[in-house]
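Results of the structural survey
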Protein chains: 4
Amino acid sequence: MNTIGHIFRLTTFGESHGTAIGGVIDGCPSQLKLDFDFIDSELQRRKTAQSSTASQRKETDQIEWLSGLLDGVTLGTPIAFMVRNEGCKPDDYEVLKDVYRPSHADFTYEQKYGFRDWRGGGRASARTTLPIVVAGAIAKQILAEKSIVIKAETVFMGDAEQARKEGDTVGGIVECRITGVPVGLGEPMFGKFSAELAHAMFSLPAVKGFEVGDGFALAKMKGSEANDTFINIKDAGLGDARREVCPESRSLESRVKISTLTNHSGGIQGGISNGNDIVFRVAFKPIPSVARPQQTVNRAGEPCEIAIEGRHDVCALPRALVLVEALAAMVTLDEMILSHTGRIL
Amino acid sequence: MNTIGHIFRLTTFGESHGTAIGGVIDGCPSQLKLDFDFIDSELQRRKTAQSSTASQRKETDQIEWLSGLLDGVTLGTPIAFMVRNEGCKPDDYEVLKDVYRPSHADFTYEQKYGFRDWRGGGRASARTTLPIVVAGAIAKQILAEKSIVIKAETVFMGDAEQARKEGDTVGGIVECRITGVPVGLGEPMFGKFSAELAHAMFSLPAVKGFEVGDGFALAKMKGSEANDTFINIKDAGLGDARREVCPESRSLESRVKISTLTNHSGGIQGGISNGNDIVFRVAFKPIPSVARPQQTVNRAGEPCEIAIEGRHDVCALPRALVLVEALAAMVTLDEMILSHTGRIL
Amino acid sequence: MNTIGHIFRLTTFGESHGTAIGGVIDGCPSQLKLDFDFIDSELQRRKTAQSSTASQRKETDQIEWLSGLLDGVTLGTPIAFMVRNEGCKPDDYEVLKDVYRPSHADFTYEQKYGFRDWRGGGRASARTTLPIVVAGAIAKQILAEKSIVIKAETVFMGDAEQARKEGDTVGGIVECRITGVPVGLGEPMFGKFSAELAHAMFSLPAVKGFEVGDGFALAKMKGSEANDTFINIKDAGLGDARREVCPESRSLESRVKISTLTNHSGGIQGGISNGNDIVFRVAFKPIPSVARPQQTVNRAGEPCEIAIEGRHDVCALPRALVLVEALAAMVTLDEMILSHTGRIL
Amino acid sequence: MNTIGHIFRLTTFGESHGTAIGGVIDGCPSQLKLDFDFIDSELQRRKTAQSSTASQRKETDQIEWLSGLLDGVTLGTPIAFMVRNEGCKPDDYEVLKDVYRPSHADFTYEQKYGFRDWRGGGRASARTTLPIVVAGAIAKQILAEKSIVIKAETVFMGDAEQARKEGDTVGGIVECRITGVPVGLGEPMFGKFSAELAHAMFSLPAVKGFEVGDGFALAKMKGSEANDTFINIKDAGLGDARREVCPESRSLESRVKISTLTNHSGGIQGGISNGNDIVFRVAFKPIPSVARPQQTVNRAGEPCEIAIEGRHDVCALPRALVLVEALAAMVTLDEMILSHTGRIL
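Before going into details, it helps to say that this report is about the structure given with it. All of these numbers come straight from a predicted model, not from anything done at the bench. (Residues numbered from 1 in each chain as written. Chains lettered and ligands numbered in written order. Predicted model: local features only at pLDDT ≥ 70, side-chain atom pairs only at ≥ 80, totals over all residues. Heavy atoms only, no water.)

Side note on the overall build of chain A
- A tally of regular secondary structure across chain A gives nine helices and 17 strands.
- Scored against the burial criterion, the 345 residues of chain A give a buried share of 70%.
- Across chain A, every contact between residues at least 6 apart in sequence was considered, and the portion connecting residues at least 24 apart equals 73%.
- Looking at chain A as shown, the accessible area adds up to about 10500 Å², and 51% of this sits on carbon and sulfur atoms. (Helix = DSSP H or I, 4+ residues; strand = E, 2+ residues; numbered from the N terminus. Buried < 20%, exposed > 50% of the residue type's maximum accessible area, 1.4 Å probe, protein only. Contact = heavy atoms within 4.5 Å. Areas by Shrake-Rupley, 256 points an atom, 1.4 Å probe, with all protein chains shown as cover.)

Below, the structure written as structure tokens:
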């Protein structure tokens, strides 16, 4: 349950204040020269202390590559990597040892496992998403060679600076767009592209909503409004650069260039990519670590008050962009690879 | 990719106008006496022609049980079942053979597989969800013995009767509530309860959005508003009947009865159930089969007009309730079973 | 656990005397015109009453195709099929209801599931292997287009006619050869080609041993005897028709035609095919249903005597050949498909 | 494909001369206090330079624990660990860079991946089995609390000292016995206990044969000889300490103490454990690295001669014992955990 992906698979490990955070990527194609600078720049996007919304923990996030590479080129064997946890101050958390922070995972983890790593959120810490950025960067590099580009942006964020002053936190909504996706990715029934994306996004901490295309707004439209009219790109005078037919498609007559005039569907129909941009949105709740005092209970069930001091973000969003992109890249690459299994070469 | 679940697994098969629709349930516990009347009543809820919003196709939906049972009791071996497709009128669809219906899966399936079953939507037809109802009914029966109850209701639906007159269709939003879930179900990281539910719901046709608890609305709250305060149930004077600690929990001190005052989180924190009701909403787009004429293209890429006649629902919702419940039941049961793997007996 | 395969996956269902035996094949490539005559001829090889070693149960084994096909061509969707159980005489087995037949699965099934289908062996009956033949025939058809041929033969069988007279049974050893396999199939570590074959063969009833190449005999050789010398096929004057480099291989310099002079390794080195014939052997124990009286106990643990009358084979082997071939074909096809996932197209 | 197990899962990584060898264990129950001394003693059994048959590479094999533990107690989160590769002398292997060693994986890896890590065998090195020992030791510790004991011994080994003198190597056969296994472990059809063991054992380098119980010898017996007579333990005067009924068994009447007089089946019938000792044998071919000169070809396909100098074992067996035990422990524990999923608590 710490693994995601069918063929391109990431297994992650690590707790916030344990020895190290890391991952193992299995199923990465061989003979790929990794772009370490790009990976570092992606990690930089996730890092703390980069903006006014993020916390102050010092993280050098220096990746150590443990396996799977020869002179920086992938061998086809598992790529293991890790980042040591530094700047840990578990004492900061000593006070939280016996108290359940509201809307954190303290209570549920302790119930599930019988005890918990109380130091900095343990496995539930946002820090454990770091390996996702690494695997996502590698997936992006491969997709970029196919002219597939993934870009997330903030479409809503609460007033962070005001919240910080009030010892409070805010949430927000991220929109992500995948351009250049070939037609035919995704599997019907329980392997829909949309379902795989939904599953991946809900793996991020604080995610509480996900929608594809016009999403919830579609529920309020009529069919005649919501439907995407098919058009012939040539007729429409649109470029066809990105509308490559999926490699597994073998019907000659379908290689006409067909697209849709609108994109209410968000690029996915019947669970399968239709060649248009894949567009989705992810809702993040506010970070639950608020500085102002809150009522809660301790492990004995006694009421108590808590004020969460320390280094905490005001909003997950600035950092979450690269995470949303990373998971989208991993899912897309996995679907690309899977699409090769449908044909007999 | 036609299988869902980790231990309690359903594999489905069938196209709308093929010989039969059915499924194979693997991992169902043995010695369960199936409640066939309940299964039939659930199927009845999914059936067409039951309301003013549904289409007129005659479906007897008589299940034939093929394996896995002895005198109606589960053997622990795979339970296979099927329903023969009757009342098929493929000729109705002959006209659609070479045309891509807007926002249907015609185009994407054809691109993916090289050709498609054009009769009634083939594998992409809503009819293929029938096996989900069967597996869901069995899961519900097992959960009911644990006092876990699942109930979906429509919280928004467009004006169906007006749409029908206009040859149009409408969408809607379903809310589902799971009560009685023990604390500690779900796995952190890539097996979060919310992620499993999201994946399952996006497996349904026409689903375009999913949110847990206050969902997208949480993105606009402050942390101090969104957080759920922990309380001691005894102090709060609340009943504790449904707040059973997960079987795998072994820490005595945690068996105090703790819950939350509010439920913005929708019963899931850190991906794991906290004992409160699990609440989520699913957005369905309008059914794309509208009777009024639409522009589209045919397989040759030539523009043409289409008016989809025949037996079609105006809205997916009345039927979708039982589907949402069924998948929620399957996911919940699967998590229940998985929770037993965390301990050493 | 009733599913085999990674991409080309078979899920089977059915008990010996239940309603039907069948399977669902997921991941079969689309646009394949099934050769029904070939499938029938393969089923004929498995059928009872075909030889002096086999039992007398009348099985028409008429396949009903339930889904996944349009005019006999695969749609890329799940292919479900079944054979109804006919000629069932459960009364024949009434006497066995409370007795554990020696070396049968009666006792273990009953312990595992709490009760068992006592009619004809239930799920443990050799009859449940029928769906393997169907899936194997489809796999063979696909492989044949790639000039990959799979052939099993009996290399040892006890004296069946003598055993029949004595109310006894015999075992035997099957050798199987896969010719035309490209270099590079199989995955290192836990996905070795040999490990996948071993797993598949041990899924057959009565299998108790498996070896690849010279197998157990290798344990008694010296390294200098056991090693297979690499040769250049051109130098050796050997044909190269079947020595196609695996599609995922991208190193030009390796496309020289290299093979081995001997084949002690049975075509697999480091878990990966080396282009030589894959050769393995499977040991079948004697069928445990012997007519002569045996001591055993009943469900109450009381000693009793049993003489298993009825329609039983004297030896599993004549029928087992097609099963060994079928599973070998399924594994090989699965590895072929998986090998496409190692590259980025 | 670098992962083994269903619930208790090990993912391994590392090449012989890369930065590190390691693994991630997912699904290990929480609240287990690891016995580090035992883990070290198991690693010691695998280590080189311990006997006259093993090579001279200096390996300190100091494990670094990266995650999943708090004060040495398992958290229920992934347990990652690694051992740095020291004493690497890649120059020793420079000469092998362009030559395919007979019966090694050099050729097949290079064909599969396009290039290979030529330093010391890379991923195909026996050194990559180290993580198996760690996971196996943890599994053994858990099983020991259930009185399940696993013991492997050499039942045949070639004349190692003579072979060393001749610059040659030898193979051998390992027999492994699992005592105390409850009745009812293993799944019918494609999840047989025997099939899982076979798959696991064939994951070890140099394994070419596997048999359960009397194995290949059963093929030459008659049914009346091969069958294991059921007995009532009380009648037979045998102890019943280890014959615990599987936890999932719910039929009271089956709790009589039944066993078998002989154990030709090796403790597995119909794929499911019958409570007797599980006994199996594994055949190892001779190590292919022989010092005496051999004919082979280089990457260009040109014939050449090779004499493999350096630090190599004469026989895999002394080290293989702990590996066979480790995998057997992992499979058995996984089956134990899976058996809990068959019931509804």
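Overview of the nonpolar core
- By size, the foremost hydrophobic cluster in this structure holds 304 residues, and its most contacted members are Phe-280 of chain A, Phe-280 of chain B, Phe-280 of chain C together with Phe-280 of chain D.
- Leaving out residues up to four positions away in the same chain, Phe-280 of chain A has contacts with Val-174, Glu-175, Cys-176, Ile-178, Leu-197, Met-201, Phe-210, Glu-211, Val-212, Val-324 and Ala-328 of chain A. (Core = buried A, V, L, I, M, F, W, Y, C linked by side-chain atoms within 4.5 Å.)

What about the interface of chain A and chain B?
- Taken together, the 106 residues of chain A in the interface contact 106 residues of chain B.
- Interface of chain A and chain B: buried area, both sides summed, is about 8800 Å²; carbon and sulfur atoms make up 62% of it.
- A per-residue breakdown of the area chain A buries against chain B is headed by Met-1, Lys-112 and Phe-190 of chain A, which together make up 11% of the total.
- When the shortest N-O distance is used, the salt bridge between Lys-222 of chain A and Glu-166 of chain B registers 2.8 Å.
- The interface formed by chain A and chain B contains 39 residue pairs in polar contact (both at pLDDT 80 or more).
- Residue composition of the side of chain A that touches chain B, grouped by class: 45 nonpolar, 39 polar and 22 charged. (Buried area = accessible area lost by both parts, 1.4 Å probe. Salt bridge = Lys/Arg side-chain N within 4 Å of Asp/Glu carboxyl O. Polar contact = N/O pair within 3.5 Å; in protein donor to acceptor, adjacent residues only side chain to side chain. Nonpolar A, V, L, I, M, F, W, Y, C, P; charged D, E, K, R; others polar.)

Some details on the sheet that holds strand β1 (residues 3–4) of chain A
- Judged by pairing direction, the sheet is antiparallel, and its five strands sit side by side in the order β1-β2-β3-β7-β4 (chain A) without closing on themselves. Single-partner strands in this sheet number two, and they are β1 and β4 (64–65) of chain A. (Pairing = 2+ DSSP bridges.)

Focus: the sheet that holds strand β2 (residues 9–13) of chain B
All names here are of chain B.
- Read from one edge of the open sheet, five strands run β1-β2-β3-β7-β4, paired in antiparallel fashion. Two strands in the sheet have a free side with no partner beyond their single neighbour: β1 (3–4) and β4 (64–65).
- As judged from the two bridges shared by β1 and β2, these two strands associate in the antiparallel manner. Following the sheet pairing, Ile-4 is matched in β2 by Leu-10.

A closer look at the interface of chain B and chain C
- Each partner contributes to the interface: chain B provides 39 residues, whereas chain C provides 39 residues.
- Counting across the chain B and chain C interface gives 18 residue pairs in polar contact (both at pLDDT 80 or more).
- Tallied by class, the residues present in the side of chain B that touches chain C amount to 16 nonpolar, 14 polar and nine charged.

Concerning the packing of aromatic side chains
Residues and elements named next belong to chain A.
- Counted by the stated rule, this structure contains 34 aromatic pairs over all chains.
- With 5.7 Å between their ring centres and 50° between their planes, Trp-65 and Phe-81 make a pair best called tilted. Of the two residues, Trp-65 sits in strand β4 while Phe-81 sits in strand β7 (residues 79–84), which places them 16 residues apart along the sequence. Across the pair, Phe-81 and Trp-65 agree in class, each one buried. (Phe/Tyr/Trp six-rings, centres within 6.5 Å; stacked < 30°, edge-to-face > 60°.)

Some details on the relation of the copies chain A and chain B
- Expressed as a screw transformation, the operator carrying chain A onto chain B has a rotation angle of 180° and an axial translation of 0.0 Å, and the superposed copies differ by an RMSD of 0.0 Å. The operation mapping one copy onto its partner corresponds to a two-fold rotation axis.
- The share of interface residues of chain A whose copies in chain B are also at the interface is 100%, consistent with both copies meeting through the same surface. (Least-squares fit on C-alpha atoms with pLDDT ≥ 70 in both.)

Observations regarding the packing of helix α6 (residues 193–201) of chain A against helix α6 (residues 193–201) of chain B
- Where α6 of chain A meets α6 of chain B, the axes come as close as 8 Å, and the angle between the chain directions of the two elements is 170°. One element, α6 of chain A, and the other, α6 of chain B, form an angle in the roughly antiparallel class. Facing α6 of chain A, whose interface residues are Ala-195, Glu-196, Ala-198 and His-199 of chain A, α6 of chain B presents Ala-195, Glu-196, Ala-198 and His-199 of chain B.
- Its residues assigned to classes, the contact of α6 of chain A with α6 of chain B comprises four nonpolar, two polar and two charged. (Axes fitted to C-alpha atoms, helices over the stretch in contact; angles between N-to-C directions. Parallel < 35°, antiparallel > 145°, perpendicular 65-115°, else oblique.)

With respect to the relation of the copies chain B and chain C
- Each copy superposes on the other: chain B lies on chain C with an RMSD of 0.0 Å after a rotation of 180° and an axial shift of 0.0 Å.
- Here 100% of the interface residues in chain B have copies in chain C that are interface residues too; the copies meet face to matching face.

Focus: the pairing of strand β17 (residues 303–306) of chain C
Residue and element names in this part refer to chain C.
- Residues Cys-304 and Ile-306 point to one face of β17 and are all buried, whereas Pro-303 and Glu-305, pointing to the other face, are not buried.
- As paired elements, strand β16 (residues 294–297) and β17 share four bridges and run antiparallel to each other. Bridge pairing in β17 places Val-297 opposite Pro-303.

Brief notes about the environment of Ser-259 of chain A
- Structurally, Ser-259 of chain A is set in strand β12 (residues 258–260).
- For the pair Ser-259 of chain A and Gly-275 of chain A, spaced 16 residues apart in the sequence, the C-alpha separation amounts to 6.9 Å.

Examining the packing of helix α4 (residues 130–144) of chain B against helix α9 (residues 317–339) of chain B
All names here are of chain B.
- Look at α4 against α9: their axes get within 8 Å of each other, and the N-to-C directions meet at 55°. Put simply, α4 runs oblique to α9. As α4 runs across α9, the sense of the crossing is left-handed. Packed against α4, whose contacting residues are Ile-132, Val-133, Ala-135, Gly-136, Ala-139, Lys-140, Ile-142 and Leu-143, the element α9 presents Val-322, Leu-323, Glu-325, Ala-326, Leu-327, Ala-329, Met-330, Thr-332, Leu-333 and Met-336 at the interface.
- The residue makeup of the contact of α4 with α9, split by class, is 14 nonpolar, two polar and two charged. (Left-handed = near helix turned anticlockwise from the far one by under 90°.)

Some details on the side chain of Thr-3 of chain B
- Inspection of the secondary structure puts Thr-3 of chain B in strand β1.
- A polar contact of 2.8 Å, which involves the side chain of Thr-3 of chain B, links it to the side chain of Thr-11 of chain B.
- Once residues within four sequence positions are removed from consideration, Thr-3 of chain B is found in contact with Phe-190 of chain A, Arg-9, Leu-10 and Thr-11 of chain B together with Arg-9 of chain C.

Description of the side chain of Thr-77 of chain D
- If you trace the backbone, Thr-77 of chain D turns up in the loop between β6 (73–74) and β7 (79–84).
- Taking the relative accessible area as the measure of exposure, Thr-77 of chain D reaches 5% and is therefore buried.
- Of the polar contacts made by the side chain of Thr-77 of chain D, one reaches the side chain of Glu-15 of chain A; its length is 2.7 Å.
- With near-sequence residues (within four places) excluded, Thr-77 of chain D lies in contact with Glu-15 and Arg-123 of chain A together with Ile-25 and Gly-68 of chain D.

Side note on helix α3 (residues 106–113) of chain A
- Burial of α3 of chain A is extensive: eight of the eight residues sit out of reach of the surface.
- Along α3 of chain A, the residues classified as buried are Asp-106, Phe-107, Thr-108, Tyr-109, Glu-110, Gln-111, Lys-112 and Tyr-113 of chain A.
- Buried residues in α3 of chain A make contact with β11 (230–232), β12 (258–260), β13 (268–269) and β14 (272–273) of chain B.
- In the stretch just after α3 of chain A, Gly-114 of chain A is the one whose phi turns positive, near 90°.

Here's the deal with the state of the cysteines
Residues and elements named next belong to chain D.
- Under the counting rule described, the total for this entry stands at zero disulfides over all chains.
- Sulfur of Cys-315: no disulfide; nearest cysteine sulfur belongs to Cys-176 and is 17 Å away.
- You can call Cys-315 buried: its relative accessible area is 1%. (Disulfide = S-S within 2.5 Å.)

Considerations on the pattern of salt bridges
- Inspection of every chain in the model, using the stated rule, returns 84 salt bridges over all chains.
- Between Arg-101 of chain A and Asp-106 of chain A there is a salt bridge, and its shortest N-O distance comes to 2.8 Å. Each member of the pair Arg-101 of chain A and Asp-106 of chain A is classed as buried.
- Here Asp-313 of chain C and Arg-319 of chain C are joined by a salt bridge, their closest N and O atoms 2.8 Å apart.
- On the basis of relative accessible area, Asp-313 of chain C is assigned to the buried category, the value being 9%.
- Through salt bridges with shared partners, a single ionic network connects Asp-98, Arg-101, Asp-106, Glu-110, Arg-116 and Arg-299 of chain A.

Any functional reading would require information beyond the geometric quantities listed.
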